Amino acid sequence: MRVLVTGGAGYVGSVSAERLIGAGHEVTVLDSLVKGHRAAVPEGARLVIGEVGDRQLVTNTVREDGIDAVLHCAGFSLVAESMVTPEPYFDANVRDGITLLDAIHEAGVRRIVFSSSASVYGAPARVPIEEDDPLAPINTYGATKLAFEMALAAYSLAYGWGSVALRYFNVAGASESLGEDHRPETHLIPNVLRAAAGGQPVTLFGTDYPTRDGTCIRDYIHVADLAAAHLAALELTADLEPQMLACNLGTATGFSNRDVFEAAQAVVGRPIPHEWGPRRGAGDPPALVASNEKARERLGWQPRHGSLEEIIASAWRWRQAHPKGYPDGVPES
Ligand SMILES: NC(=O)c1ccc[n+]([C@@H]2O[C@H](COP(=O)([O-])OP(=O)(O)OC[C@H]3O[C@@H](n4cnc5c(N)ncnc54)[C@H](O)[C@@H]3O)[C@@H](O)[C@H]2O)c1
């Protein structure tokens, strides 16, 4: 398969591109580098620097490289930022995303896998969350993810595409050579490990949630398992009915912030400087845990690196090998 990976210089896109290349596929990465890192683009991929919303560039790239399928990971994903400045979120995640759909339609590509998010469910009434549960985002980021899913579903139905929206829960961990380097970083595991490596004490938000230990519960999925699911989903798009398949990607196990913090201390082998703070805001539901029955059934996928220790240990190894992250990014704040 010849695959166009948008956002392939970012965390999820780069590890997925690496996995695709490892499985013998040809990869073209399209990334503006607005958030990504040139050094994260895996060896063997062709990098095209540009915007997903540049219709002519996308059409030309798809035609020149004979693209068979698209893995659409590009987007903005800071929840708090999306609440104060919604414009770039609607621009990048919705408007540019729809331009991408128009461009690939023009170029004749009919297979696409999309990086969606558990945020489309908002604050769920029950866990584990199933794909047919109500879609009710509680932040702008989640609203933009849902808006794009709806566009993708409509295009798939109208034009006979095979498409999959993968609703990721909390992605974490690293491959041997590629890891997580968001700037700013809002994710728990890299922030805990930054404190462990001598950074400022990490703040853990909220101890009064209605959960077993008062801290938020999340479902952590190893980025390598996510990459494997992308490969399975891309293969499946060849045989899908003309409609979008939505699949959760998680391990179906919930870990609290306190569990994560304690597991991280065990992995690094020493106390990690920290403080417990108030809740981060209204946008953090108490518990988000995936049902992954559908991914198992439809993608033939299962998580292979599901233990918290394994996920954190891989992130810690990457952090130690890259103490300042990728070389071409803005300094850590
Ligand atoms: N990391 C997670 O835990 C997580 C969870 C749920 C969903 N997601 C989704 O997965 C996707 C990838 O997440 P990530 O953590 O790898 O993010 P990331 O910021 O590391 O990567 C996103 C990449 O997209 C590029 N990009 C953004 N807008 C672009 C545009 N208009 N044109 C071209 N390139 C553009 C950025 O430069 C960056 O390299 C995002 O869509 C995100 O919403 C991530």
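For the structure itself, consult the block above.
In short, a report on the structure.

Parameters and conventions
Counting restarts for each chain, with residues numbered from 1 along the sequence as it is written. The model is predicted, so local features are restricted to residues of pLDDT at least 70 and side-chain atom pairs to those at 80 or more, both for listing and for counting; the totals for chains, interfaces and linings are taken over all residues. Only hydrogens and water are removed before side-chain values are computed, so all heavy atoms of the structure are retained for them. The helix and strand labels rest on DSSP assignments: H or I over at least four residues marks a helix, E over at least two residues marks a strand, and numbering proceeds from the N terminus. Only protein chains enter the accessibility calculation, which uses a 1.4 Å probe. A residue is then buried if its area is under 20% of the maximum for its type, exposed if over 50%, and partly exposed in between. Here the expected span of a helix is defined as 1.5 Å times the quantity of residues minus one. In what follows, a contact means two residues having at least one pair of non-hydrogen atoms within 4.5 Å. What counts as a ring pair is set by centres within 6.5 Å for rings of Phe, Tyr and Trp (its six-membered ring), and what kind of pair is set by the plane angle: stacked under 30 degrees, edge-to-face over 60, tilted for all other angles. Whether a charge sits over a ring depends on NZ of Lys or CZ of Arg being within 6 Å of the ring centre and within 35 degrees of the ring normal. Here a salt bridge means any side-chain nitrogen of Lys or Arg lying within 4 Å of a carboxyl oxygen belonging to Asp or Glu. Summary of the distance rule: residues count as near a molecule or strand when at least one heavy atom falls within 4 Å of that molecule or strand. N or O atoms within 3.5 Å of each other form a polar contact, as long as, within protein, one can give a hydrogen and the other can take it, and as long as residues adjacent in sequence are counted only when both atoms are side-chain atoms. Where accessible areas are quoted, they stem from the Shrake-Rupley method and a 1.4 Å probe; at the residue level, only the protein chains shown are allowed to cover. Polar here means any residue outside two lists: the nonpolar Ala, Val, Leu, Ile, Met, Phe, Trp, Tyr, Cys and Pro, and the charged Asp, Glu, Lys and Arg; Gly therefore counts as polar. DSSP-based pairing: two strands are paired if at least 2 bridges between them are found. Axes here mean lines fitted to C-alpha atoms, for a helix over just the part in contact, with angles spanning 0 to 180 degrees between N-to-C directions.

We now examine unusual backbone geometry. The step from valine 127 to proline 128 runs through a cis peptide bond, and the omega angle for that step is -5 degrees. With respect to the helices and strands, the residue proline 128 is situated in the loop between strand 5 (111–117) and helix 5 (140–159). In this structure, proline 184 follows arginine 183 across a cis peptide bond, with omega equal to 5 degrees. Relative to the assigned elements, proline 184 resides in the loop between strand 7 (170–172) and helix 6 (188–196). Backbone geometry at leucine 33 places phi at a positive 65 degrees, although glycine is not the residue there. You can see leucine 33 is positioned in the loop between strand 2 (26–31) and strand 3 (46–49). One non-glycine residue with positive phi stands out, namely alanine 252, at about 70 degrees. For alanine 252, a relative accessible area of 37% translates into the label partly exposed.

Quick look at helix 1 (residues 11–22) now. Relative to the 16 Å expected for twelve residues at 1.5 Å per residue, helix 1 spans 17 Å between its end C-alpha atoms, a close match to the ideal helical length. All of the buried residues along helix 1 are Tyr11, Val12, Gly13, Ser14, Val15, Ser16, Ala17 and Leu20. Its buried side turned inward, helix 1 meets strand 1 (2–6), strand 2, strand 4 (69–72), strand 6 (162–168), strand 7 and helix 7 (223–236). Just downstream of helix 1 lies glycine 24, where phi reads positive at about 95 degrees.

Summed over the entire model, instances satisfying the criterion amount to seven aromatic pairs. Seen from their ring centres, phenylalanine 76 and tyrosine 89 are 5.8 Å apart, and the 65 degrees between their planes marks the pair as edge-to-face. Of the two residues, phenylalanine 76 sits in the loop between strand 4 and helix 3 (79–84) while tyrosine 89 sits in helix 4 (residues 87–107), which places them 13 residues apart along the sequence. The rings of Tyr155, Tyr159 and Trp161 are connected pair by pair, giving a single aromatic cluster. Residue placement shows arginine 258 over the ring face of tryptophan 276; its charged tip is 4.5 Å from the ring centre. The ring of tyrosine 209 carries arginine 279 above its face, with NZ or CZ at 4.1 Å from the centroid.

Attention now moves to the pattern of salt bridges. Using the criterion set out here, one finds 14 salt bridges in the structure. Between arginine 126 and aspartate 133 there is a salt bridge whose closest N-O contact spans 2.6 Å. One salt-bridge network, in which partners are shared between bridges, spans Arg46, Glu64 and Asp65.

On to the site of the ligand. Taken together, 30 residues form the shell around the ligand, and within it Val12, Asp31, Tyr141, Lys145 and His182 come nearest. Within the backbone of valine 34, an N or O atom sits 3.3 Å from an oxygen atom of the ligand. Residue histidine 182 places a side-chain N or O atom 2.8 Å away from an oxygen atom belonging to the ligand. In isolation the ligand exposes 820 Å². Once the protein is present, 96% of that is buried. Of all the elements in the fold, those that place two or more residues in the shell around the ligand are helix 1, strand 5 and helix 5. Broken down by element, the residue count for the shell around the ligand peaks at three residues, all from strand 5. When its residues are assigned to classes, the shell around the ligand shows 13 nonpolar, twelve polar and five charged.

For the rest of this paragraph, the subject is the sheet that holds strand 5. If you trace the seven strands from one edge of the open sheet to the other, you get 3-2-1-4-5-6-11, paired in parallel fashion. Two strands in the sheet have a free side with no partner beyond their single neighbour: strand 3 and strand 11 (244–249). In this sheet, neighbouring strand axes are inclined to one another by 20 degrees on average, regardless of whether the strands run parallel or antiparallel. Inspection of the sheet shows strand 4 paired to strand 5 by three bridges, in the parallel sense.

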